[in-house]
Amino acid sequence: MSDELNNSTTQVDHEYGGSEIQVLEGLEAVRKRPGMYIGSTSESGLHHLVYEIVDNSIDEALAGYCDEITVSIGEGDIITVVDNGRGIPVDIQPQTGLPALEVVFTILHAGGKFGGGGYKVSGGLHGVGASVVNALSEWLEVRVHKEGKIYEMKFSRGKVTQPMQVVGDTDRHGTEVVFKPDPEMFEVTQYNYETLHTRMREEAFLNAGLRIHTVDNRPGKEQRDTMHYAGGIREFVSYINRSKDPIHPDVVYMSGARIENEGTEHERSMTAEVAFQYNDGYNETIVSFANNVHTPEGGMHEEGFKRALTTVLNNYGKKMKILKDEDKVSGEDCREGIACVISVKLTDAQFEGQTKAKLGNSEIRTLVNGIVTDKLTEYLEENPAVGKAILDKALMANRAREAARKARESIRRKTALGGAAMPDKLRDCNEVNPELTEIYIVEGDSAGGSATQGRDSRFQAILPLWGKMLNVEKARADKVYGNDKLTPVITALGAGIGDDFDLSKLRYHKIIIMADADVDGSHIRTLLLTFFFRFMRPLIEHGYVYAAVPPLYKLTRGKTTRVAFDDIEREKIAAELRGDNPNAKVDISRYKGLGEMNPHELWETTMDPEKRTLKRIELDDAVLADQTFTVLMGEKVEPRKEFIERNAKYAVNLDY
Ligand code: TTJ
């Protein structure tokens, strides 16, 4: 640094006045109870730090002054966020006598963003801000490029270690924040690139035109992505449908706004955007946001959309005579196969519900309902082919739902009359208390035979499956109810499916899928898991579903036989069997399938609770899992390949 620059350094006086002490107490509170400010100190809290910082740059983008943000993970899991906004103000604030920059990083902002009225909308759940991140960082540095100068300031655990000073000249503008999360505060400090990348992609979709780069600079993990969607949420919808087949070519897009008390100090503005496209599948995917905050529990914006969609489609169907006199399609019928993104922005968003993830402002329901009613009606008038495709689909859904209801009722009647008639193939256990029982769902009749002979029939039931299993990803509900491969599973478990699923009726609390350790086995396992995921999700959520882990190798020396579950163990056991005799002959064979094992071997290696390994199937992230199933089970090859490459570890785990 040149002397000249040094001379122009802006040094800030550090007399510790009253406000300063309050500041430290404020940030001390954050360090005492970090969970109160960032939700948790687990992996999710760690990632939340990044979102808190990025939110500030996004606000600057919303205000129209920033169009590029870079988020990087560096060696040691240090995070850098850079934007090309106006830069955080560096002038002295009259109230505190401190530079605004310092205030931003040291004073707890209870919700509202700094900058006093600078922004009309701000993140609802977020907005606790940069000071919280600062308090929870071992160290943090900020550099502001503004009006020709670079202003720098440094902190450690929320305390100033270097007051604001000018450290150089610049010809650009923007803000750079670098921080290292404090290992004393977090259970884990490793960042997951994919988690940040996914979230940033969402931000890029929600802010059309904004360019976001994510970069991993950690040794051995180098990668980068750039997200830039001129089409905004339209492209979000295409992305959701990327592994599906749309039934109409264009994404339908509608938007509108409403301003209350314009020009007065009580001015409140709301905007809403909706984009959707139907695919030929049967799932409903509605992803909604309020002020760029994901609202997985839905709320008024979703309600407004759903109401309007049902009304418009019924009116249009009547008018075009696709629906006959008394015909009506239900809301669910209208949403079968829809991929939809709703994004609203409003002053004072009210977040409600269990996880504060549901939008409560009823004026938004009116706004979205109005926009969709007017614009969708107009769109369908101008695009009758799209209207017909959607109405035909809703009618099909209506008929299938009717058929499914009848099938369900007939099952219900049968079980009500004769008690539950168990499937012929089921070899049930003696115990009736579901907490003590388990069922092995076994691939193939011969493995089923071995399992039946090898089991402990006091508490272990066996259900063999054979033949080609239905892929529920490609089937509608009515096909599932009548399917001859799935019906025995439904009946044996006893808890029903879909909306009728009742966990309290479940007959076994351990449901163990036992399939060969080969490609076919993995296929049948994935098909069953997809079925459980789509139609009996609470089973997975409660951790009742497991995969058996059969051995891969059998090793014999003389009269001694042992098994190995992977290649490393095989080598280890082979060495043990040879003992001090390196020339001893150890016979190693690979199990071709479960059917090859005799009942005793199967019990010893795979079924005996004292010795077996079970893998519990977990779905801690239902959204990711849903994508996983769609991508892995869907028909398109490209996304599947990309998914497996990106999530190799996850996919393998799940597949197990
Ligand atoms: C506030 O109003 C006057 C002009 O500058 C506005 C502002 O603060 N812009 C701004 C803040 N852009 N970027 C930020 C920012 C960026 C990061 C990475 C972190 C933080 C805390 C703020």
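These numbers come from a predicted model, not from an experiment.

## Concerning the overall build of the chain
Reasoning step 1: Looking only at helices and strands, the chain features 22 helices and 23 strands.
Reasoning step 2: A burial count over the chain gives 50% of its 656 residues as buried.
Reasoning step 3: Long-range pairs, those at least 24 residues apart, make up 69% of the contacts in the chain between residues at least 6 apart in sequence.
Reasoning step 4: A total accessible area of about 30,900 Å² is found for the chain, and carbon and sulfur atoms account for 49% of it.

## A look at the pattern of salt bridges
Reasoning step 1: The final tally for this structure, using the stated rule, is 37 salt bridges.
Reasoning step 2: Across the salt bridge formed by K554 and E601, the nearest N and O atoms sit 2.8 Å from each other. Placement of the pair is K554 in strand β20 (residues 553–557) and E601 in helix α19 (residues 599–607), with a sequence separation of 47 residues.

## A few points about the nonpolar core
Reasoning step 1: Formed by 60 residues in total, the largest nonpolar core has its most connected members in V50, F105, V142, F179 and Y191.
Reasoning step 2: Here the element with the most residues in this core is helix α4 (residues 43–62); it accounts for eight residues.
Reasoning step 3: Not counting residues up to four positions away in its chain, the partners in contact with F179 are L49, V50, I53, I78, I79, V133, S137, W139, L140 and Y191.
Reasoning step 4: Listed in part, the 41 residues of the second largest apolar core include V274, F305, L313 and A349.

## Overview of the sheet that holds strand β7 (residues 211–216)
Reasoning step 1: Overall, mixed pairing links the eight strands, which are arranged β5-β4-β3-β6-β2-β1-β7-β8 in an open sheet. Each of the sheet's edge strands pairs with one partner strand only, and the pair in question is β5 (159–169) and β8 (223–228). Mean inter-strand twist for the sheet, computed between neighbouring axes without regard to direction, equals 10°.
Reasoning step 2: Pairing between strand β1 (residues 68–74) and β7: six bridges, direction parallel.

## Let's talk about the packing of α4 against helix α7 (residues 193–206)
Reasoning step 1: In contact at an axis separation of 11 Å, α4 and α7 are set at 25° when each is read in the N-to-C sense. Classified by the interaxial angle, the pair formed by α4 and α7 is roughly parallel. Considering the relative orientation of α4 and α7, their crossing is right-handed. Residues H47, V50, Y51, V54, D55 and I58 of α4 pack against T195, L196, R199, M200 and E203 of α7.
Reasoning step 2: Each residue belonging to the contact of α4 with α7 can be placed in one class, and the counts come to six nonpolar, two polar and three charged.

## What to know about the environment of R365
Reasoning step 1: With respect to the helices and strands, the residue R365 is situated in helix α11 (residues 362–382).
Reasoning step 2: Residue classification places R365 among the partly exposed residues on the basis of a relative accessible area of 23%.
Reasoning step 3: Considered as a pair, R365 and A308 are 57 residues apart in the sequence and their alpha carbons are 9.8 Å apart.
Reasoning step 4: Excluding residues within four positions of it along the chain, R365 makes contact with M300, E303, G304 and R307.
Reasoning step 5: At 3.3 Å, the side chain of R365 and the side chain of E303 are in polar contact.

Conventions used here
- Here the residue numbering is sequential within each chain, running from 1 through the sequence in written order.
- Under the rules for a predicted model, residues below a pLDDT of 70 receive no local features and side-chain atom pairs below 80 are neither given nor counted, while totals for whole chains, interfaces and linings still include all residues.
- Side-chain measures were taken over the full set of non-hydrogen atoms in the model, leaving aside hydrogen atoms and water.
- The numbering of helices and of strands both runs from the N terminus, where a helix is a DSSP run of H or I of at least 4 residues and a strand a run of E of at least 2.
- When a residue's accessible area, from a 1.4 Å probe over protein chains only, is under 20% of the maximum for its type it is buried; when over 50% it is exposed; and in between it is partly exposed.
- We call two residues in contact whenever any of their non-hydrogen atoms come within 4.5 Å of each other.
- Accessibility throughout is a Shrake-Rupley quantity obtained with a 1.4 Å probe, and a residue counts as covered only by protein chains that appear here.
- Should a side-chain nitrogen of Lys or Arg be within 4 Å of a carboxyl oxygen of Asp or Glu, the pair is scored as a salt bridge.
- Working definition of a nonpolar core: buried Ala, Val, Leu, Ile, Met, Phe, Trp, Tyr and Cys residues. They are joined through side-chain atoms within 4.5 Å.
- Two strands are counted as paired when DSSP detects at least two bridges linking them.
- What counts as an axis is a line fitted to C-alpha atoms, over the stretch in contact for a helix, and the angles between N-to-C directions run from 0 to 180 degrees.
- Angles are sorted into four bins: roughly parallel if under 35 degrees, roughly antiparallel if over 145, roughly perpendicular if 65 to 115, and oblique for all others.
- When the near helix sits turned anticlockwise from the far one by under a right angle, the crossing is termed left-handed; a clockwise turn instead gives a right-handed crossing.
- In the scheme used here, Gly and all other residues not listed as nonpolar or charged are polar, with Ala, Val, Leu, Ile, Met, Phe, Trp, Tyr, Cys and Pro taken as nonpolar and Asp, Glu, Lys and Arg as charged.
- We define a polar contact as two N or O atoms separated by no more than 3.5 Å, with the added condition that, inside protein, one atom must be a possible hydrogen donor and the other a possible acceptor, whereas residues neighbouring each other in sequence contribute only through side-chain atom pairs.

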